[in-house]
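# Observations on the three-dimensional arrangement
Here is how the chains run, residue by residue.
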Amino acid sequence: MSSPPIHWYPGHIAKAERQLKEQLRKVDVVLEVRDARVPIASNHPQLAQWIGEKPKLVILNRMDMITEDLQKQWRAWFKEQGQPIYFTNAKQGTGIKVVKGESKKFGVAMNKRRRDRGMRPRPVRAVVIGFPNVGKSALINRLVGKKIVVSERRAGVTRQLRWVRISPEIELLDAPGVIPWRLENQQDAIKLAICEDIGEAAYDNQRIAAIMIDLFSELGFSDRLKTRYKLDPQGITGEAYIHDLAATAYKGDKERVARQLLRDFRTSAIGKIPLELPELTK
Ligand SMILES: Nc1nc2c(ncn2[C@@H]2O[C@H](COP(=O)(O)OP(=O)(O)OP(=O)(O)O)[C@@H](O)[C@H]2O)c(=O)[nH]1
Ligand SMILES: [Mg+2]
């Protein structure tokens, strides 16, 4: 298969990134949102550099899309790395209270420093950053307790930076999803595409779906495919699987099969399937 790299950089993102870097100076704490199905691939490679010394909370959202057992494994893995993490389900509201509480703590510390210097207290300013579609706006709505910013299934919904006050104590900045200018790590880019954390314009459904099937086999989830589609992927490539499934049940329409497979993964219709496992992560 020839390999054109996944390339996606819509116009609004360059501008947003510039504005985000400007706003970052005013921010006290960063809420870095990742996708629990791909906690490593959804770690934006430039973020650490932008954030510098600022305190941050690493949030693994979409916790409902992986099993509790895997959540435990990731907790242990990140703990070993010295990085605390917070699991959330921004759609249902799970894990939000803890994130809110932790953010407030930064505010208390910040205002103590201000008071010591004779300055008036102010709300803590937090920014929510991450790849597109990981659930940043949904998280903000949950933190605020109402639908204040738009949150939708497509990647690239939030296009402008927007400050919202969630209480007298906290102000939040909703930012568009950011992606690196060049997706250097194509392995990661493909995983993000499968999870729909980068826009559809960036990739070919059939190719991405074929790689997803290969990944399922590698990670030990091929039985899920067999159960759902009554076709065993073992011993064949993802490409062949799509071909065979199309031939048997979709009148040869490989594009329809690819879309169906991706949709079933993205809606968890084939079950909770992660694309990364801590034991396979360096
Ligand atoms: N299952 C599940 N879905 C979620 C969760 N968080 C958000 N979503 C859904 O994911 C989709 C994207 O959410 P958004 O809040 O728009 O994501 P975003 O990061 O703001 O996206 P951009 O603004 O496009 O960068 C929406 O359909 C949400 O309902 C979650 O924890 N679990
Ligand atoms: Mg958004």
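Reference entry: report on the structure contained in this document. (Residues numbered from 1 in each chain as written. Chains lettered and ligands numbered in written order. Predicted model: local features only at pLDDT ≥ 70, side-chain atom pairs only at ≥ 80, totals over all residues. Heavy atoms only, no water.)

### Quick word on the coordination of the magnesium ion (ligand 2)
- Protein coordination at the magnesium ion (ligand 2): the donors are Ser137 (OG) and Thr158 (OG1), at 1.9 to 2.2 Å from the metal. Here the residue Ser137 occupies a position in helix α5 (residues 136-144), and Thr158 occupies one in the loop between α5 and β5 (162-165), the gap between them amounting to 21 residues. No difference in accessibility class separates Ser137 from Thr158, as the two residues are buried. (Donors = N, O, S within 2.8 Å, 3.2 Å for Na, K, Ca; no water. Helix = DSSP H or I, 4+ residues; strand = E, 2+ residues; numbered from the N terminus. Buried < 20%, exposed > 50% of the residue type's maximum accessible area, 1.4 Å probe, protein only.)

### Focus: the pattern of salt bridges
- Evaluated as defined, the whole model comprises 17 salt bridges.
- A salt bridge links Asp116 to Lys112; its shortest N-O distance comes to 3.3 Å. Residue Asp116 and its partner Lys112 are both found in helix α4 (residues 96-116); the two are separated by four residues, about one turn of the helix.
- A residue is classified by how much of its surface remains accessible, and Lys112, at 49% relative accessible area, is partly exposed.
- Between Glu196 and Arg153 there is a salt bridge, and its shortest N-O distance comes to 3.2 Å. (Salt bridge = Lys/Arg side-chain N within 4 Å of Asp/Glu carboxyl O.)

### Overview of the site of ligand 1
- Looking at ligand 1, there are 22 residues lining it, with Asp64, Lys136, Ala138, Gly156 and Val157 nearest.
- The separation between an oxygen atom of ligand 1 and a polar side-chain atom of Asn89 is 3.2 Å.
- In the model, an oxygen atom of ligand 1 is placed 2.9 Å from a nitrogen or oxygen of the Ser151 side chain.
- The cavity where ligand 1 resides is the largest pocket.
- Tallying contributions element by element places α5 first for the shell around ligand 1, with three residues. (Near = heavy atom within 4 Å. Polar contact = N/O pair within 3.5 Å; in protein donor to acceptor, adjacent residues only side chain to side chain. 1 Å grid on protein atoms, 1.4 Å probe; cavity = no way out; pocket = protein on both sides within 12 Å on 5 of 7 lines; lining within 4 Å. Sits in = over half its atoms within 2 Å of the grid points.)

### Details of the layout of surface pockets
- Space inside the largest pocket adds up to approximately 810 Å³.
- Lining the largest pocket are 35 residues, and of these Arg62, Lys91, Ala138, Ser151 and Glu152 lie nearest its centre.
- With five residues, the top contributor of residues to the lining of the largest pocket is α5.
- Of the residues in the lining of the largest pocket, the class split is nine nonpolar, 13 polar and 13 charged.
- For the lining of the largest pocket, the domains that each give at least three residues are domain 1 (11-174) and domain 2 (204-275). (Points joined across faces, edges and corners; volume = space filled by probe spheres on them. Nonpolar A, V, L, I, M, F, W, Y, C, P; charged D, E, K, R; others polar. Domains from an automatic or database assignment.)

### Considerations on the environment of Ile129
- Summarising the element assignment, Ile129 is placed in strand β4 (residues 124-129).
- What makes Ile129 buried here is its relative accessible area of 1%.
- Between the C-alpha atoms of Ile129 and Glu32, which are 97 residues apart in sequence, the distance is 5.0 Å.
- The residues touching Ile129, leaving out its near neighbours within four places in the chain, are Leu20, Leu24, Val30, Leu31, Glu32, Val33, Leu47, Lys136 and Val178. (Contact = heavy atoms within 4.5 Å.)

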